[in-house]
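# Observations on chain architecture
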Amino acid sequence: MSNGLNLAKIYINSSYGLSRFIRDLKYNKKNAAKTIGLILLILFSLSGMFGMYLYFNIKMYELLKTINQQGAVITLAVVSASILTLMFGILTVIANYFYNQEGDIILALPIKKKDLLFAKFINAYIIELIVTLVFMGVGVGVYGIKSGEGILFYIVSIIATIFIPLIPLSICYFLIIPLMRYGNLTKKKDLFMILGGLLGVLIAVVYQLLVNKLANTNAGPEELIKSLMRENGLIDIVGRIYYPSIWISNGILKYKSLSGILYLFAFILLSILVVYLLLLSTSNLYYSSIIGSSEITKKNREIKTEELDRVFKKRRLLSSLFSREMKLMNREPVYFLNGPFVVLLLPLILVIMFTVNKQSFGQIDSLINGSKNIKYMLLISTGLMMFVGSTTSITSTCISREGSGIYVLKSLPIRPVDLIKAKFIHGAFFGFVASIIVGVLLLYLNVPFYIIFLSFVIGNLYLFVIYLVGIILELNWPKLVWDNPQKPMKQNVNAVFIIFINFALIGINYLITKNISQTILILAFFIIPIILLLCAYIYLNKNIERLYSRL
């Protein structure tokens with residue numbers, strides 16, 4: 001297994017950039033600070049969910065202690081961690097098939113097939129372990145602190161937590177490997193990445209529904225916990241389906257007794273045996289599923305004249321460039337899911353929130369029916385269109401997404417102004433679509449049509465400003481060097497700046513709304529974006545040749 005561990009180190013460094021981060025700590029403090037800041041931002045964004053889970057565990061412990069059943073806190077933590085490992089493990093395993101692919105060099109090395117699968121398993125195990133540590137840490141922490149447990153309790157809990165993801169992750173590999181091998185699905189990367197992204201979106205929507213239902217129920221924490229603990233409750237059902245959760249719970253709770261040690265030993269042994277069975281039974285299958293996964297099957301057939309006519313059409317230059325932008329954006333799943341798809345996703349989430357949280361309709365109706373709130377309705381409607389339209393990050397990543405292909409593009413006899421026009425129209429098109437979708441949502445909320453119309457015009461004027469500023473940022477500071485299509489979208493500072501600029505514009509509109517009358521407000525809402533638009537256009541038109549030549 002030494003070769004497998006060495007290969008796992010390579011995969012882990014490639015996936016998580018640990019070596020680069022350590023190097024940055026020594027030689028590039030600025031990049032290291034950015035990485036730390038990004039991690040802290042992610043942790044802050046998850047703090048709400050973490051706080052709810054912590055509060056629920058505290059209330060659960062206090063209630064169950066009255067009937068001497070507080071150990072169920074540990075069982076719930078084990079069950080939650082195992083289910084999440086199973087859910088996210090499927091996405092992780094599929095992603096590992098398509099990202100950080102072995103390549104011809106590693107496959108040509110004298111590495112055993114079992115070591116190859118073991119290395120991939122360890123790479124996927126790291127992220128699942130982090131999820132498990134979070135959920136187990138909350139349950140173990142609440143139980144240990146409130147019960148006054150000693151250091152041995154936490155040591156046993158940490159040992160147990162390390163082994164919890166092994167069985168669910170092994171199940172994921174047992175399911176995915178045959179599917180990839182016999183379905184020949186590794187050659188359908190785009191399809192699977194889109195389906196994986198949609199599955200992730202579905203999980204997020206289901207989570208939002210559950211949270212809203214729990215938040216809107218009249219039952220308090222005690223009633224919710226009783227519903228979990230009654231006969232055929234959640235813990236009872238999942239405990240029967242996934243019986244090892246009972247073993248690990250007893251191993252942690254009875255850590256001072258011989259039976260607890262036996263339960264813990266049995267769980268650890270079972271986890272190791274399941275992983276060994278995975279390596280023993282599916283290594284050859286896994287190896288055959290990745291051989292030739294990057295190859296393209298050639299089909300020799302005669303191309304008909306009709307097909308050529310459909311492919312090769314004479315078009316205007318601007319139309320051809322716009323068509324190119326659309327195809328490039330939609331062809332790469334990462335670009336599509338983080339770009340145009342957001343236009344559909346955000347309004348869907350808003351609809352679900354309003355549908356589930358029906359109490360908000362009363363507040364919305366009072367806002368709509370009050371004549372003095374017309375200017376605030378205009379502010380909110382315009383802000384929604386601006387927010388949804390700007391989150392596609394189309395223009396704020398338009399140059400970065402070209403990557404090294406920008407040098408080929410520069411060699412073509414195409415004027416920079418024509419190329420930039422196509423990129424602007426590409427962003428404006430989806431801004432237009434976003435405005436229509438948000439307008440339909442506002443009609444659903446009974447917002448007056450004239451408010452929607454004004455918001456549509458004003459919102460698109462502001463979006464034009466945002467798109468031009470995004471192009472200016474990209475021409476000045478593009479991210480052209482990348483080895484993964486996620487980087488120009490998710491690791492691009494320009495896209496983050498555009499979001500802050502969008503919020504700044506909405507904030508300025510809010511300050512204006514508070515301090516001027518309704519008639520002047522509407523006039524100001526038109527004048528401000530037009531002035532900003534002219535300034536951005538004049539700057540871009542004056543400097544486009546110079547900025548483009550520097551790329």
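Residues numbered from 1 in each chain as written. Predicted model: local features only at pLDDT ≥ 70, side-chain atom pairs only at ≥ 80, totals over all residues. Heavy atoms only, no water.

This next bit is on empty space enclosed by the protein. One pass over the structure, following the stated rule, counts one cavity of 30 Å³ or more. One number sums up the size of the largest cavity: a volume of about 30 Å³. Forming the walls of the largest cavity are Gly389, Ser390, Thr392, Ser393, Ile394, Thr395, Ser396, Ile466, Tyr467 and Ile498. At the level of secondary structure, the elements contributing two or more residues to the lining of the largest cavity comprise α20 (374-390) and α23 (449-476). (1 Å grid on protein atoms, 1.4 Å probe; cavity = no way out; pocket = protein on both sides within 12 Å on 5 of 7 lines; lining within 4 Å. Points joined across faces, edges and corners; volume = space filled by probe spheres on them. Helix = DSSP H or I, 4+ residues; strand = E, 2+ residues; numbered from the N terminus.)

As a further point, take the pattern of salt bridges. Enumeration over the complete set of coordinates arrives at six salt bridges. A salt bridge links Glu325 to Lys423, with the shortest nitrogen-to-oxygen separation between them at 2.8 Å. Placement of Glu325 in helix α16 (residues 317-331) and of Lys423 in helix α22 (residues 416-444) is noted, with a sequence separation of 98 residues between them. Residue class for Glu325 comes out buried when judged on its relative accessible area of 1%. The class of Lys423 is buried, set by a relative accessible area of 1%. For Lys423, the salt bridge goes to Glu402, with nearest N and O atoms at 2.9 Å. Highlighted residues: Lys423 in helix α22 and Glu402 in the loop between α20 and α21 (405-411), separated in sequence by 21 residues. On the accessibility criterion, Glu402 (12% relative accessible area) is buried. Shared partners join several salt bridges into a network, and the residues in it are Arg324, Glu325, Glu402 and Lys423. (Salt bridge = Lys/Arg side-chain N within 4 Å of Asp/Glu carboxyl O. Buried < 20%, exposed > 50% of the residue type's maximum accessible area, 1.4 Å probe, protein only.)

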